[in-house]
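# Coordinates in review
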Amino acid sequence: MSRKKKALPLLESVEIEGVAAEGKAICRVRMSPEAESEMVVFVPYAAPGDVADIQIDRRKRSYAEGHIVRIVRPSDKREAPRCRHFTLCGGCKWQHLPYSEQLQWKQRQVEDALTRIAKVELPPVSEILGSESVWEYRNKMEYTFSDKKWRSWEELRSGREFTDSNDALGFHIPGAFDKVLHIEECHLQCNIGDEIRNFIYDYACSRGLTFYNIRENSGLLRTLMIRTASTGEVMVCVVFGDNDPERIKSVMHAIGERFPGITSLLYVVNLKLNDSISDQDVIPFRGPDYIEEEMEGLRFRINAKSFYQTNSRQAYELYKVARKFAALTGDELVYDLYTGTGTIANFVSSGAREVIGIEYVPEAIEDAKINSEVNGINNTRFFAGDMKDVLTDEFIAQYGRPDVMIIDPPRAGMHDDVIKVILNAEPRRIVYVSCNPATQARDLSMLDEKYKVEEIQPVDMFPHTHHVENVVRLSRKF
């Protein structure tokens, strides 16, 4: 005999208390009259102060997840979202919160992570540096072509016949890997992004070109990347899922004719099962295979595979904080760990005796070397390889004990072996740049053996999201 699952409750007139993990809001409720204690419920797209009816979707032992069915009384902190795709595309989940409120919650996120996880002596956290631009701030956007346009349940249940195209160019719907939400406008990049994306979509539909089918790994048009720079340069890279030279040429020619201002027009033919182009040839159709970003007179070449902070203006503010915390006098040996394309290494090089950069991706290291060369910087050295394999006690014995270490790891933080080498190297100062305060806090607890946290500076790189960068300055205790 089958047992039916117990229906999950609808909670009426619940007040939202605050913002928590992954940008979701939280409330605390008793799930039933006989419940001994309250349970935390995570609710997306809610604002602190909202009073709402919430349908529970999932219930675990210690928490639950739900969604708003009806807002009984909106919070005075709630504002109208700007984007027509809000709640659908999965990005910009905080558009309904004023930017000042977003900054407060990001500040609290940093403070909570460092206090709760690091459990080390901490100075007061400096006030977060907000982004001057809260719209059109991203210099890189990636979109997916799909022959499976996502449609809402309301549309599907209506029973009406759809007369528009079933092809889409936009973002994957969270939780639906084979469905793509067609995007008509996105406020994260300047208008040229919308113009280029919409032109390519209209051109492809009018010519009957096939869009990618992820289940069958077929279709001509697969993904699109648009990069812009503060210099005004624009890169467009179209990834094709079929090797059809005639149609590829027609698409690329049409883009070039319509947008003569594109600096670097590129394409890739990717026949693999995954979308990564890191192991694919990038073919220039018109212009060089890179664009250039500028920062304090330094020029940084960025190609289709390069990593560069996606908010150029705030990247400058972030790097200024890192440079200030490094407190270089001109005589230091600096190690820049997870250097990427060497942006920080080159940025601080004028204040150091020598900078050594280490990065996992070989292509990024080649970019770093080029960036030093084009800027006439001759006191940098770069090494490629897994950090825990390259940064060893033997490496430090060969290339020198660092006076300062600048660390900017991926979201997962640092490997234990890397932290051990850092502790053995005993640099006078460490500047730890992180995009994940939780893993940063974990690493700080390990560094506490020899290092004291002296300054903490959060920096907001991504308005309308829960993501936050944090920079910590540590000094050797003895």
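## So, the overall build of the chain
Looking only at helices and strands, one finds eleven helices and 22 strands in the chain. A globule of 478 residues ought to have a C-alpha radius of gyration of about 23 Å, and the chain, at 25 Å, matches this closely. Counting the 478 residues in the chain, one finds 53% classified as buried. When the accessible surface of the chain is summed, it comes to about 22800 Å², and 48% of that surface belongs to carbon and sulfur atoms. Taken as two groups, the 62 positive and 73 negative side-chain charges of the chain have centres that lie 4 Å from each other.

## Topic: the packing of aromatic side chains
Given two aromatic rings, their pairing is described by the distance between the two centres and the angle made by the two planes. Counting across every chain of the model gives 15 aromatic pairs. Taking 5.7 Å as the distance between ring centres and 85° as the angle between the ring planes, the aromatic pair formed by Phe199 and Phe259 counts as edge-to-face. Of this pair, Phe199 sits in helix α3 (residues 191–207) while Phe259 is found in the loop between α4 (245–258) and β12 (264–269), placing the two residues 60 residues apart along the sequence. When its relative accessible area of 21% is taken as the criterion, Phe199 is described as partly exposed. Ring centres of Tyr201 and Phe211 lie 5.8 Å apart, and the angle between their planes is 90°; this geometry places the pair in the edge-to-face category. Placement of Tyr201 in helix α3 and of Phe211 in the loop between α3 and β10 (221–228) is noted, with a sequence separation of ten residues between them. Classification of Tyr201 by relative accessible area gives buried; the value is 9%. Judged by relative accessible area, which is 3%, Phe211 ranks as buried.

## A short note on the sheet that holds strand β7 (residues 140–146)
The strands making up a sheet are joined through hydrogen bonds of the backbone, oriented either antiparallel or parallel. As summarised here, the arrangement of the seven strands in space is β9-β8-β7-β10-β11-β12-β13, forming an open sheet in which the pairing is mixed. Edge positions in the sheet fall to β9 (176–182) and β13 (283–286), since each of these pairs with one other strand and no more. Ignoring strand direction, the axes of neighbouring strands in this sheet form an average angle of 35°. As paired strands, β7 and strand β8 (residues 168–173) are joined by three bridges and run antiparallel to one another. Its bridge partner being in β8, Phe145 is matched across the sheet by Leu169. Against the sheet, α3 engages β7, β8, β9, β10 and β11 (234–240), with an angle of about 160° to β10. Set on the sheet, α4 makes contact with β11, β12 and β13; between it and β12 the angle comes to about 160°.

## Focus: the sheet that holds strand β5 (residues 51–59)
Spatially, the six strands line up as an open sheet ordered β1-β5-β6-β4-β3-β2, and their pairing is mixed. This sheet does not close on itself; its edge strands, each paired only once, are β1 (10–15) and β2 (18–19). Pairing analysis gives three bridges linking strand β4 (residues 39–43) to strand β6 (residues 63–73), with the strands arranged parallel. Bridging across to β6, Val41 finds its partner in Ala64.

## Observations concerning the environment of Thr343
On the secondary structure map, Thr343 appears in helix α6 (residues 343–348). Take Thr343: its relative accessible area is 4%, and that puts it in the buried class. The spacing of Thr343 and Ala368 is 25 residues in sequence and 7.2 Å in space, taken between C-alpha atoms. Setting aside residues up to four positions removed in sequence, Thr343 forms contacts with Phe300, Tyr308 and Tyr319. Of the polar contacts made by the side chain of Thr343, one reaches the side chain of Thr341; its length is 3.3 Å.

## Quick word on the side chain of Asn213
Inspection of the secondary structure assignment puts Asn213 in the loop between α3 and β10. Taking the relative accessible area as the measure of exposure, Asn213 reaches 7% and is therefore buried. Here Asp147 takes part through its side chain, which lies 3.2 Å from a polar atom of the side chain of Asn213. Other than its neighbours up to four places away in sequence, Asn213 contacts Asp147, Lys148 and Ser218.

## Section: the pattern of salt bridges
The final tally for this structure, using the stated rule, is 29 salt bridges. The residue Asp147 makes a salt bridge to Lys148 at a minimum N-O spacing of 3.7 Å. Between Arg197 and Asp194 there is a salt bridge, with its nearest N and O atoms 2.9 Å apart. With a gap of three residues between them, Arg197 and Asp194 both fall in helix α3, about one helical turn apart. A single burial state applies to Arg197 and to Asp194, both of which are buried. Here the salt bridges share partners, and the residues they tie into one network are Arg84, Glu184 and Glu185.

## Overview of the layout of surface pockets
Roughly 500 Å³ of volume is contained in the second largest pocket. Forming the walls of the second largest pocket are Lys24, Pro44, Tyr45, Asp57, Glu65, Gly66, His67, Ile68, Arg78, Phe86, Thr87 and Lys93. Residue contributions to the lining of the second largest pocket peak at four residues, all from β6.

The rules behind these values
- Residues numbered from 1 in each chain as written.
- Predicted model: local features only at pLDDT ≥ 70, side-chain atom pairs only at ≥ 80, totals over all residues.
- Heavy atoms only, no water.
- Helix = DSSP H or I, 4+ residues; strand = E, 2+ residues; numbered from the N terminus.
- Rg over C-alpha atoms; globule rule 2.2 N^0.38 Å.
- Buried < 20%, exposed > 50% of the residue type's maximum accessible area, 1.4 Å probe, protein only.
- Areas by Shrake-Rupley, 256 points an atom, 1.4 Å probe, with all protein chains shown as cover.
- Lys, Arg positive; Asp, Glu negative; His and termini not counted.
- Charge placed at Lys NZ, Arg CZ, Asp CG, Glu CD.
- Phe/Tyr/Trp six-rings, centres within 6.5 Å; stacked < 30°, edge-to-face > 60°.
- Pairing = 2+ DSSP bridges.
- Axes fitted to C-alpha atoms, helices over the stretch in contact; angles between N-to-C directions.
- Contact = heavy atoms within 4.5 Å.
- Polar contact = N/O pair within 3.5 Å; in protein donor to acceptor, adjacent residues only side chain to side chain.
- Salt bridge = Lys/Arg side-chain N within 4 Å of Asp/Glu carboxyl O.
- 1 Å grid on protein atoms, 1.4 Å probe; cavity = no way out; pocket = protein on both sides within 12 Å on 5 of 7 lines; lining within 4 Å.
- Points joined across faces, edges and corners; volume = space filled by probe spheres on them.

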